[in-house]
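Now for the letters of each chain:
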Amino acid sequence: MTLTVGSETGEIFEQIRMPTTTPEEMLPLVVDYFRGQNIYALGIACFGPLDLKPDSPSYGYITTTPKPGWSDCPILPVLRSGLGIPTAIDTDVNAAALAEHRLGAGRGFDNMMYVTVSSGIGGGLIIGGQPVHGCMHPEVGHILIQPHPQDPVPQGFCPYHPSCLEGLADQHAMEKRWELPLAEIPAGHPAWEIEAHYLSQLCMDTLMMVSAERIILGGSVMQQETLLPMVRLQTQKLLNGYIASDRVLRHMDDIIVAPGLGEDSIAVGALLLAAEVA
Ligand code: ZN
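Residues numbered from 1 in each chain as written. Predicted model: local features only at pLDDT ≥ 70, side-chain atom pairs only at ≥ 80, totals over all residues. Heavy atoms only, no water.

Chemist: Would you mind going over the domain arrangement of the protein chain with me for this structure?
Modeler: When the parts come together, some accessible area is lost, and that loss is often what is quoted as the size of the interface. By the assigned domains, the protein chain splits into domain 1 (2-92 + 263-277) and domain 2 (105-258). Inter-centroid distance (C-alpha atoms) of domain 1 to domain 2 is 27 Å. Here domain 1 packs against domain 2, burying approximately 690 Å² in sum over the two surfaces, 51% of which is carbon and sulfur. For the pair domain 1 and domain 2, the interface holds 0 salt bridges. Where domain 1 meets domain 2, there are 3 residue pairs in polar contact (both at pLDDT 80 or more). (Domains from an automatic or database assignment. Buried area = accessible area lost by both parts, 1.4 Å probe. Salt bridge = Lys/Arg side-chain N within 4 Å of Asp/Glu carboxyl O. Polar contact = N/O pair within 3.5 Å; in protein donor to acceptor, adjacent residues only side chain to side chain.)

See below:
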């Protein structure tokens, strides 16, 4: 968990990181820390799934996470009453998408998606300049994917779905499939071609479903620099010339891009969430 103090324009003043344990241990520490910082609003950018329906009795609760101890955690009510200040919540990836849209690689594009490919895959979607919530919030990590013919574990590793994106393509899936730590999978290993096969299906479907103008891919897996160009190339192949837009046909490097805020997208997003309720 990262605690950030900053301005309503997204400037970070101070940041501390602590290992995520249980809500009983952590939430009192969060309240103590921010009480000492004299802040006037709080933004929570939290892993999901979350209840984000404002009229729901469990608004601001984490719902059914596999993370031990965090299911049904009333994170928003606990922090809001502990601090007594205006408090906002969204998913970590919607917050990151908001930050990238306002201040990062998504500036100028009102229809865009931010995806983190890390220990898990999550995506925040901006449509018409605003984060999408809908029925719950997007869970793009669990869209269904066609396995690569050379994937030795084509069903993937998600406990809920065979062959979903996260189960096939997050950091854990790569490490389990190849029995190597991520940092030890070298450029040129077949792992990357297969990874690009999976992420390009996400990009193709995003272009087709929401006509995204920017798709921002971040997270630990994207640190392999050869991957992003491979994803662009495979997305072009999948699209097969179907979308008759000059940007899509000739400038995929202007559509599928790295985050503009680097590792800070989520923290800056939390500051922007706070600014909206301050
Ligand atoms: Zn899944």
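Text resumes after the structure shown.
Chemist: What is the right way to look at the coordination of the zinc ion in this model?
Modeler: Working reference: metal with six octahedral donors, ideal angles 90 or 180 degrees; metal with four tetrahedral donors, ideal angle 109.5 degrees. Binding of the zinc ion to the protein goes through His142 (ND1), Cys158 (SG), His161 (ND1) and Cys164 (SG), at separations of 2.1 to 2.4 Å. One can describe the donor arrangement at the zinc ion as tetrahedral, given that its 4 donor atoms subtend angles of 102 to 121° at the metal. Judged by its relative accessible area of 27%, histidine 161 falls in the partly exposed class. (Donors = N, O, S within 2.8 Å, 3.2 Å for Na, K, Ca; no water. Tetrahedral: all angles 85-135°; square planar, octahedral: opposite > 155°, others 65-115°. Buried < 20%, exposed > 50% of the residue type's maximum accessible area, 1.4 Å probe, protein only.)

Chemist: Help me out: how do you make sense of the pairing of strand 6 (residues 120-127) in this one?
Modeler: Every other side chain in a regular strand lies on the same face of the sheet, so the side chains alternate between the two faces. With 7 of 8 residues buried, strand 6 lies mostly within the body of the structure. Sheet topology note: the strand 5 (residues 112-118)/strand 6 ladder contains 7 bridges and is antiparallel. Residue pairing in the sheet places valine 115 in a bridge with glycine 123 of strand 6. Hairpin geometry of strand 5 and strand 6 is characterised by an intervening segment of 1 residue between the two adjacent antiparallel strands. Summarising the sheet, strand 6 and strand 7 (residues 130-131) pair through 2 bridges and their orientation is antiparallel. Bridging from a neighbouring strand, isoleucine 127 pairs with glutamine 130 of strand 7. Two successive antiparallel strands, strand 6 and strand 7, enclose a turn made up of 2 residues, where glycine 128 displays a positive phi of approximately 60°. (Helix = DSSP H or I, 4+ residues; strand = E, 2+ residues; numbered from the N terminus. Pairing = 2+ DSSP bridges.)

Chemist: Can you help me understand the packing of helix 6 (residues 190-210) against helix 7 (residues 227-239) in this one?
Modeler: Relative orientation and spacing of two packed helices are given, respectively, by the angle between their axes and the distance between those axes. Two elements in contact, helix 6 and helix 7, have axes separated by 7 Å at closest approach and are oriented at 55°. On the basis of the axis angle, helix 6 is oblique to helix 7. Viewed along their axes, helix 6 and helix 7 form a crossing whose handedness is right-handed. Residues Trp192, Glu193, Glu195, Ala196, His197, Leu199, Ser200, Gln201, Cys203, Met204, Leu207 and Met208 of helix 6 form the contact with helix 7, whose own contacting residues are Leu227, Met230, Val231, Gln234, Thr235, Leu238 and Leu239. (Axes fitted to C-alpha atoms, helices over the stretch in contact; angles between N-to-C directions. Parallel < 35°, antiparallel > 145°, perpendicular 65-115°, else oblique. Left-handed = near helix turned anticlockwise from the far one by under 90°. Contact = heavy atoms within 4.5 Å.)

Chemist: Help me understand the sheet that holds strand 8 (residues 214-218) in this model?
Modeler: Adjacent strands of a sheet pair through backbone hydrogen bonds, lying either parallel or antiparallel. With mixed pairing, the 5 strands of this open sheet are ordered in space as 7-6-5-8-9. Single-partner strands in this sheet number two, and they are strand 7 and strand 9 (256-257).

Chemist: Looking at this structure, how should I read the nonpolar core?
Modeler: Considering soluble globular proteins, one finds that nonpolar side chains tend to be buried as a cluster. Judged by nonpolar contacts, the single largest core of 39 residues is most densely connected at Leu165, Trp192, Leu217, Leu227, Val231 and Ile256. Breaking this core down by element, the ones donating at least two residues are strand 5, strand 6, helix 4 (165-169), helix 5 (171-178), helix 6, strand 8 and helix 7. If we skip the residues at most four places from it in the chain, valine 231 touches Ala196, Leu199, Ser200, Cys203, Leu217 and Ile256. Grouped together as the second largest cluster of nonpolar side chains are 25 residues, Leu3, Phe34, Leu76 and Leu83 included. (Core = buried A, V, L, I, M, F, W, Y, C linked by side-chain atoms within 4.5 Å.)

Chemist: I tried to follow the packing of aromatic side chains on my own but got confused; where do I start?
Modeler: Any two aromatic rings considered together are summarised by their centre-to-centre distance and by the angle between their planes. Applying the stated rule across the entire model yields 2 aromatic pairs. With 5.1 Å between their ring centres and 70° between their planes, tyrosine 33 and phenylalanine 34 make a pair best called edge-to-face. Like tyrosine 33, the residue phenylalanine 34 is buried in the burial classification. Between phenylalanine 47 and tryptophan 70, the aromatic rings sit 5.8 Å apart at their centres with planes inclined by 80°, giving edge-to-face as the arrangement. One end of the pair, phenylalanine 47, is in the loop between strand 3 (42-46) and helix 2 (75-83); the other, tryptophan 70, is in the loop between strand 3 and helix 2, with 23 residues separating them in the sequence. Residue classification places tryptophan 70 among the buried residues on the basis of a relative accessible area of 2%. Above the ring of phenylalanine 47, the side-chain terminus of lysine 67 is found at 4.4 Å from the ring centroid. (Phe/Tyr/Trp six-rings, centres within 6.5 Å; stacked < 30°, edge-to-face > 60°. Lys NZ or Arg CZ within 6 Å of the ring centre and 35° of its normal.)

Chemist: Quick question: what am I supposed to make of the state of the cysteines here?
Modeler: Here a disulfide denotes one covalent bond, and it connects the sulfur atoms of two cysteines. All chains considered together, the criterion is met by 0 disulfides. There is no disulfide at cysteine 135, and the cysteine sulfur nearest it, in cysteine 164, is 18 Å away. By relative accessible area, which is 78% here, cysteine 135 ends up exposed. (Disulfide = S-S within 2.5 Å.)

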